[in-house]
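A structural walkthrough
Letter by letter, the chains look like this.
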Amino acid sequence: MIKLLDVSKLYENDVTALKNINIDFKEGELVVLKGVSGSGKSSILSLIAGLSKPSSGEVIVDEKKISKMADHFISVYRRENIGFIFQKYNLISTLSVAENILLPLVPLNLKKDELEKRLSYVLKLFNIESKRHTIVKNLSGGEQQRTAIARANINSPKIILADEPTANLDEKLSLEFIEMLRDLKSQNRTIIVATHDPLFFNLEFVDRVLEVSNAEIL
Amino acid sequence: MIQLPEVLTLYILNTIVLSFAFIAFILSIQIVLKWDFSATTPLQYELEKKSYLGSTIIKYMFYIKIPLFLFYIFTLDKISFILPGAMCGAGVVNSSDYATMLLFLKVINLYLFAYWIVIDKQDMMDEVQTNLKKKFMLYIALFIFLLVEVLLEGVMFNAIDVKSVVDCCGAIFSTNDDTYLSMALNLSPSLLLTLFYLNFMLMLVVSFKKINYIFAVLNLLFIVISLLSLVSFFGTYIYELPTHHCPFCFLQEEYNYVGYLLYAFLFIGTFNGLVVGFVAFNRVESSKRYKLSLVFNGIYLLIVTLYPVTYFIRNGVWL
C-alpha cells in the first residue's frame, strides 16, 4: 500500500535525514518506527503524508506517486487519506475542541448535518463529548491528545501517522492512547507510529517494529 | 532627461521587477534544459522546487505590472504639465520616437503575462504538469519582451526634451490630416457604432454556441473597434466636444479618471474572451471565462453608451 523506494532526504544544511530507504507498508498494518531523536523517523512520516518531498527516490501510496504530485494534488491526497497526530498536538489553542476537530473538513464544504454527524461520532469514539465546547488551551495534556486524535480521524483516513504521540503524556494516558490505537487498527486502518517510547515495542497488536538509526532502517 | 519623482519611482520599480524577472529567467532556462518529470533524481526534485519559485515570481511580477502600467500612464499625464505644448499623455507619447511602440509593447506584455498566469494555473491542475516546459519557454520569450520594454522606457524618458514644443492630441488625432489614423477617425459614426454593437451581439450569440476560436477572434476585433469608436465617437461625448478625439484626456481628474475604468474593463473582458481560443479549458472554467468576458465587455459597452445617451437626454440633440 505504501512504498518508499530508494528514498533519500537531505536538508538544506547538508544533514542527511534518510539514506536510500526501502520500506513497504501493507494495508491494515500497524508499524512502529523506533529510534532516537534525529534518526529519521519523522522524516519518513512527513514523506508519506506529503508534507515534504524526498531529495531522491519515490514515495508511492496506493499506486500513486505522491512524491511527484503537484501541491494541489498533494493537498487533496492528504485530505482524503491521511490523519496525522503530532507530538505537540498542533491544535489551535484559541478554538474549541469541536472547531479544532472540524478544521480538516472546512475545504469540503459539507452540510451542517453531515458535519454534526461526523463530529458526534469522533467525540464519542475518543471520549471527549463533555469537552466539546471547551477552548483547547484549557484542556489537560491527555484531553488535547484525544482532541488531536479525533481531528486526525474526522475524515476517516485510510492511513494514520503518529509522530511521538506519547512524548508529552504520563504512562496512564499513554496506555489510554495505545488502547485507542488498538481500536483504530481493528478498523483496518494502516497505522505508522514513530516513537522512542518502549511501551510500544512489545504490544501484541503491533505487526512490525522497525528500527531507524543514522538515516537508515536496520 | 526628465527627472520627476514619478519617473524615478518607475526606474526603481522597473529595476526591482527586472531583478526578479531575471531570477525567474535563470530558473526557466534550467527547467527548460533539464526537466524530466519521470526522473526521481535530486536534480529533478530540485527543479520541481524551482518551478514553484519561478511561477510565484512571475505571478507576482504580473500583479505588480498592472498597477505599474496604470502608474506609467499617470506619469505620462504628469509629464504633460511640464512639457511645452502637451496637454495630456498624448503629447508626451508624441514627444519621443519610442513612446508609441513602448505603449503598444506594454499592452501586449500585459496580455502575454495574463496569458502566462492562465496557462500556469492550468498546468498546476494537471497531475503530470504536461505543459510545464512550454510555459517556462514562453516565459523566456516574455522576459526578452520585458527587458525591451524596460530599456525602451529608460530610453524614452531620456529622450524627452522639456525645452522642445510638442504637438498634442488636437494635432495628433486631427481628422483633417492625410494619415491612416485620420482616415480611421473619419469613419462614419453610424458605421462604427453598427460594427461596435454588432460585434458585441455576435459575441453574445457565439457564447451560447461556445465556439471558442470565433469568440476569441470577435474579442480581438472588439479591442480594435472599441478603441476606434472610443476615440472617434464616444470620447467626444465624454469631453462634450465634437472635435476632440483623444485616448488620454479622459484619464485626467477633470473627467473623473473614467479612462482607467474603461480600459480596465476592456482589458479584463477581451483578455478572458481571447484566452478561450488559446487554452483548452474544462467546461466549468470555459463557461467562467465566457461569462467574465461578456460581463466586463458588457459593462464597458454600457458605460460608453451612457455618455451620448445622457448627453441627448440633457440637451435634446446629438453632438
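Residues numbered from 1 in each chain as written. Chains lettered and ligands numbered in written order. Predicted model: local features only at pLDDT ≥ 70, side-chain atom pairs only at ≥ 80, totals over all residues.

1. Comments concerning helix α11 (residues 283–315) of chain B
Residue and element names in this part refer to chain B. Put simply, the test is: Under the scheme used here, helices are H or I runs from DSSP no shorter than 4 residues and strands are E runs no shorter than 2 residues, and both carry numbers assigned from the N terminus. Helix span, expected: 1.5 Å multiplied by one less than the number of residues in the helix. The bend reported for a residue corresponds to the angle between axes fitted to the seven residues ending at that residue and the seven starting there.
Between its first and last C-alpha atoms α11 spans 48 Å; for 33 residues at 1.5 Å apiece the expected length is 48 Å, and the two agree. At Leu-306, α11 shows its largest bend, some 30°, and a proline, Pro-308, comes one to four positions later. Directly after α11, the chain includes Gly-316, whose backbone phi takes a positive value near 75°.

2. Brief notes about the packing of helix α9 (residues 212–239) of chain B against helix α10 (residues 258–275) of chain B
All names here are of chain B. Heads up, the rule is: Each axis is a line fitted through C-alpha atoms, taken for helices only over the stretch in contact, and angles between the N-to-C directions span 0 to 180 degrees. When an angle is under 35 degrees it counts as roughly parallel; over 145 it counts as roughly antiparallel; between 65 and 115 it counts as roughly perpendicular; any other value is oblique. Crossings are assigned a handedness: left-handed for a near helix turned anticlockwise from the far helix by less than a right angle, right-handed for a clockwise turn. Contact between two residues is assigned when their C-beta atoms, built from the backbone, lie within 7 Å. Classification convention: Asp, Glu, Lys, Arg as charged; Ala, Val, Leu, Ile, Met, Phe, Trp, Tyr, Cys, Pro as nonpolar; all other residues, Gly among them, as polar.
Where α9 contacts α10, the two axes come as close as 8 Å, and the packing angle between them is 165°. Relative to α10, the element α9 is oriented roughly antiparallel. Note that α9 runs across α10; the crossing there is right-handed. Contacts between α9 and α10 pair Phe-215, Ala-216, Asn-219, Leu-220, Phe-222, Ile-223, Ser-226 and Ile-238 from the former with Val-258, Leu-266, Thr-270, Gly-273 and Leu-274 from the latter. For the contact of α9 with α10, the per-class residue count stands at 9 nonpolar, 4 polar and no charged.

3. Examining the interface of chain A and chain B
Taken together, the 10 residues of chain A in the interface contact 8 residues of chain B. For the side of chain A that touches chain B, the elements supplying multiple residues, two or more each, are β4 (56–61) and α2 (71–81) of chain A. Here the side of chain A that touches chain B gets 3 residues from one element, more than from any other, and that element is β4(A). Here the side of chain A that touches chain B is composed, by residue class, of 4 nonpolar, 4 polar and 2 charged.

4. A short note on the nonpolar core
Note the threshold: Residues of type Ala, Val, Leu, Ile, Met, Phe, Trp, Tyr and Cys that are buried and joined through C-beta atoms within 7 Å form what is called a nonpolar core. Three classes are used. A residue is buried when 20 or more other C-beta atoms lie within 10 Å of its own, exposed when 12 or fewer do, and partly exposed in between, with C-beta atoms placed from the backbone.
Counting residues in hydrophobic clusters, the biggest one holds 55 residues, and the most contacted among them are A:Ile48, A:Ile101, A:Ala150, A:Leu161, A:Ile192 and A:Val193. The residues contacting A:Ile101, other than those within four sequence positions of it, are A:Leu119, A:Val122, A:Thr147, A:Ala150, A:Arg151 and A:Ile154. Residues B:Leu192, B:Leu251, B:Tyr300 and B:Leu301 belong to the second largest nonpolar core, which totals 54 residues.

5. Things to note about the packing of helix α1 (residues 5–34) of chain B against helix α2 (residues 42–80) of chain B
All names here are of chain B. With their axes 8 Å apart at the nearest point, α1 and α2 run at an angle of 155° to one another. Judged by the inter-axis angle, α1 sits roughly antiparallel to α2. Helix-helix and strand crossings are classified by hand; for α1 and α2 the assignment is left-handed.

6. Examining the domain arrangement of chain B
All names here are of chain B. This is how the line gets drawn: Reported domain spans reflect what an automatic or database domain assignment gives.
Entries for chain B in the domain assignment read domain 1 (5–165) and domain 2 (173–315). In this assembly, 13 residues from domain 1 lie in contact with 11 residues from domain 2. Elements represented by at least two residues in the side of domain 1 that touches domain 2 include exactly α2, α3 (89–94) and α4 (99–124). In terms of residue count, α4 provides more of the side of domain 1 that touches domain 2 than any other element does, 7 residues in total. Here the side of domain 1 that touches domain 2 is built from residues that sort into 10 nonpolar, 2 polar and 1 charged.

7. What about the confidence of the model for chain B?
Our working definition: Predictor confidence is given residue by residue as pLDDT, running from a minimum of 0 to a maximum of 100.
Across chain B, pLDDT averages 92, with 100% of residues at or above 70. Predicted complex metrics record ipTM = 0.80 and pTM = 0.84.

8. Some words on the sheet that holds strand β5 (residues 64–65) of chain A
All names here are of chain A. Definition in use: For two strands to count as paired, DSSP must find a minimum of two bridges between them.
The strand order across the open sheet formed by 4 strands is β2-β1-β4-β5, and the pairing between neighbours is antiparallel. Lying at the two open borders of the sheet, with one neighbouring strand each, are β2 (16–25) and β5. Both β4 and β5 contribute to a ladder of 2 bridges, which runs antiparallel. Across the sheet, the residue bridging to Val-61 is Lys-64, located in β5. Relative to strand β1 (residues 2–10), helix α1 (residues 41–48) is tilted by about 120°, and along the sheet it contacts β1, β2 and β4.

9. Some remarks on unusual backbone geometry
Residues and elements named next belong to chain A. Phi angles above zero are rare outside glycine, and Asp-14 is one such case at about 65°. For Asp-14, the location among the structural elements is in the loop between β1 and β2. Its identity as a non-glycine residue notwithstanding, Ser-156 has a phi of 45°, on the positive side. Mapping Ser-156 onto the fold places it in the loop between α5 (141–153) and β7 (159–163). Residue classification places Ser-156 among the partly exposed positions, given that 13 C-beta atoms sit within 10 Å.

10. Thoughts on the pairing of strand β3 (residues 30–34) of chain A
Residue and element names in this part refer to chain A. The buried fraction of β3 is high, at 4 of 5 residues. The pairing of β3 with strand β8 (residues 190–195) spans 5 bridges and is parallel. Looking at β8, one finds that Val-31 is bridged to Ile-192. In terms of strand pairing, β3 meets strand β9 (residues 208–213) through 4 bridges, oriented parallel. Paired with Val-31 across the bridge in β9 is Arg-208.

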